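# A look at the structure
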Amino acid sequence: MTAPLRLGTRRSALALAQSQMVADAVAAASGREVELVPIVSEGDVNRASLSQLGGRGVFANGLREALAAGRCDFLVHSLKDLPTAQPEGLVIAATPPREDARDVVVTRDGTPLHALEAGARVGTGSPRRIAQALRHNPRLDIHDIRGNVDSRLARVRDGELDAVILAAAGISRLGGELGGLRAEALGLAEWPTAPGQGSLAVETRADIGADTLAALAALDDEDTRAAITAERTVLSVLDAGCHAPVGTHASIADGDLRLRAVVYALDGAHRIGIDRTVRVEPLRGESEPVHDGPGRVEQGYARETGSGNGADAADDGGLIARAARIGREAARRLLERGAADLVPRESTT
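So, here's what we can say about the structure. (Residues numbered from 1 in each chain as written. Predicted model: local features only at pLDDT ≥ 70, side-chain atom pairs only at ≥ 80, totals over all residues. Heavy atoms only, no water.)

## With respect to the overall build of the protein
Within the protein one finds 10 helices and 15 strands. Here the protein, with 349 residues, has 52% of them falling under the buried criterion. Here the contacts in the protein between residues at least 6 apart in sequence split such that 70% fall between residues at least 24 apart. Carbon together with sulfur atoms contributes 48% to the accessible area of the protein, which is approximately 14,300 Å² in total. (Helix = DSSP H or I, 4+ residues; strand = E, 2+ residues; numbered from the N terminus. Buried < 20%, exposed > 50% of the residue type's maximum accessible area, 1.4 Å probe, protein only. Contact = heavy atoms within 4.5 Å. Areas by Shrake-Rupley, 256 points an atom, 1.4 Å probe, with all protein chains shown as cover.)

Encoded structure:
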């Protein structure tokens, strides 16, 4: 009898829920049973603020160590928690179709974030969300919080906080039940989220069996992979950690890749942003125009080859490489405009 595949996952309710979704899909693709292997990460036991933990992969390192040691066959990560540097010997085998990438503000009565009264207590541990919230409403009293989705919602329901800011995808994967609370979805144009937010990453060893790799790769969505490659390349070139005050969102529609990236001062007082739209498919014989903000057009570099920044593109000159090129160019322009003065730098991203 064929042994089951072992899926390593964090122990939180959200991690188990999204891992079970992937397990069911891999079982269907491979014809093999998939069992979950709960693993404790540093981020689960270290209760320090995310701003102090920085971009050191605290939610991924323990899982990756277990994978490299052979205690499991593959992992499922929330992609926004992954450092941009890919460890030697491990590969991202699939990025399934992305869910809602937006953040939501959850309150008791549905009051929008900008209308919350002075001194309203808003909970989030993300430096990006803190900066964005203060930019939208500088009268807020921000509380640096950690904890799972249910515990954060309970703090609003019990009156300890007036609002919390959460990822829409996480709420959805847990069933979408808010227990009588109200959610305001924040538009990505004005409130870009963490690189990779709403996406999962299925990671395995580079030497895993071909049948297993094929079953995992069957879950991959190329448009999602291209979008998150552009986003994460911005973060990598900026030399910022995955919890830095940087918001990026990319999407592909009608053959165009649209990327928005914003770097925020920690207090939300200043920001530097860029919008880029590049024709990425089909690839034409000449480079396509790049629209870099209102009224500005310059030649693009859609044919440039390169790495997919941890997305492990099998095709040097394909869509993933073009997405990485767009991300690098966007980051370069942000740095030219002074982004380095706003972003805390990380020795390990």
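Still to come is the rest of the account.
## Quick notes on the environment of Pro96
Looking at where Pro96 falls in the secondary structure, it is placed in the loop between strand S4 (90–94) and strand S5 (103–107). Judged by relative accessible area, Pro96 falls into the buried class, the value being 12%. Not counting residues up to four positions away in its chain, the partners in contact with Pro96 are Leu200, Val202, Leu219, Asp221 and Thr224.

## What to know about the nonpolar core
Here is a general trend for soluble globular proteins: nonpolar side chains tend to be buried in one another's company. Core analysis: the biggest nonpolar cluster contains 30 residues, and Val234, Leu238, Val246, Leu257, Val263 and Leu334 have the highest contact counts within it. Looking at this core, the elements that each hand over two or more residues are helix H9 (222–238), strand S11 (246–253), strand S12 (256–264), strand S13 (271–279) and helix H10 (319–336). With seven residues, the single largest contributor to this core is H10. Leave out the neighbours within four places in its chain, and Val246 touches Arg128, Thr193, Ala194, Pro195, Leu235, Leu238, Ala240, Val262, Val263 and Val343. (Core = buried A, V, L, I, M, F, W, Y, C linked by side-chain atoms within 4.5 Å.)

## So, the sheet that holds strand S10 (residues 200–205)
Pairing is mixed across the open sheet formed by five strands, whose spatial order is S2-S1-S3-S10-S4. Here the strands that pair on one side only, and so sit at the sheet edges, are strand S2 (34–38) and S4. Ignoring strand direction, the axes of neighbouring strands in this sheet form an average angle of 35°. As defined by bridge partners, strand S1 (residues 5–9) adjoins S2 across five bridges and the pair is classed as parallel. Looking at S2, one finds that Leu5 is bridged to Val34. Each of S1, strand S3 (74–78), S4 and S10 touches helix H4 (residues 61–68); the most contacted strand, S3, lies at about 165° to it. (Pairing = 2+ DSSP bridges. Axes fitted to C-alpha atoms, helices over the stretch in contact; angles between N-to-C directions.)

## Details of the sheet that holds strand S6 (residues 121–123)
By way of backbone hydrogen bonds, the strands of a sheet pair with one another, either parallel or antiparallel. Sheet architecture is open: five strands sit in the order S7-S6-S8-S5-S9, paired in mixed fashion. At either margin of the open sheet sits one strand with a lone partner, and together these are strand S7 (141–143) and strand S9 (182–185). Looking at each pair of strands side by side, their axes are set apart by 30° on average, direction ignored. With three bridges joining them, S6 and S7 adopt parallel strand pairing. From the neighbouring strand, Gly123 faces S7, where its bridge partner is His143.

## Structural notes on the side chain of Arg152
With respect to the helices, strands and loops of the structure, Arg152 is situated in helix H6 (residues 149–157). This buried residue, Arg152, is left without a salt bridge; Asp144 holds the nearest opposite charge, at 8.3 Å. Within the local environment of Arg152, its side chain forms a polar contact with the backbone oxygen of Gly147, the two atoms lying 2.7 Å apart. In contact with Arg152, other than residues within four places in its own chain, are Ile145, Arg146, Gly147, Val164 and Leu166. (Lys, Arg positive; Asp, Glu negative; His and termini not counted. Salt bridge = Lys/Arg side-chain N within 4 Å of Asp/Glu carboxyl O. Polar contact = N/O pair within 3.5 Å; in protein donor to acceptor, adjacent residues only side chain to side chain.)

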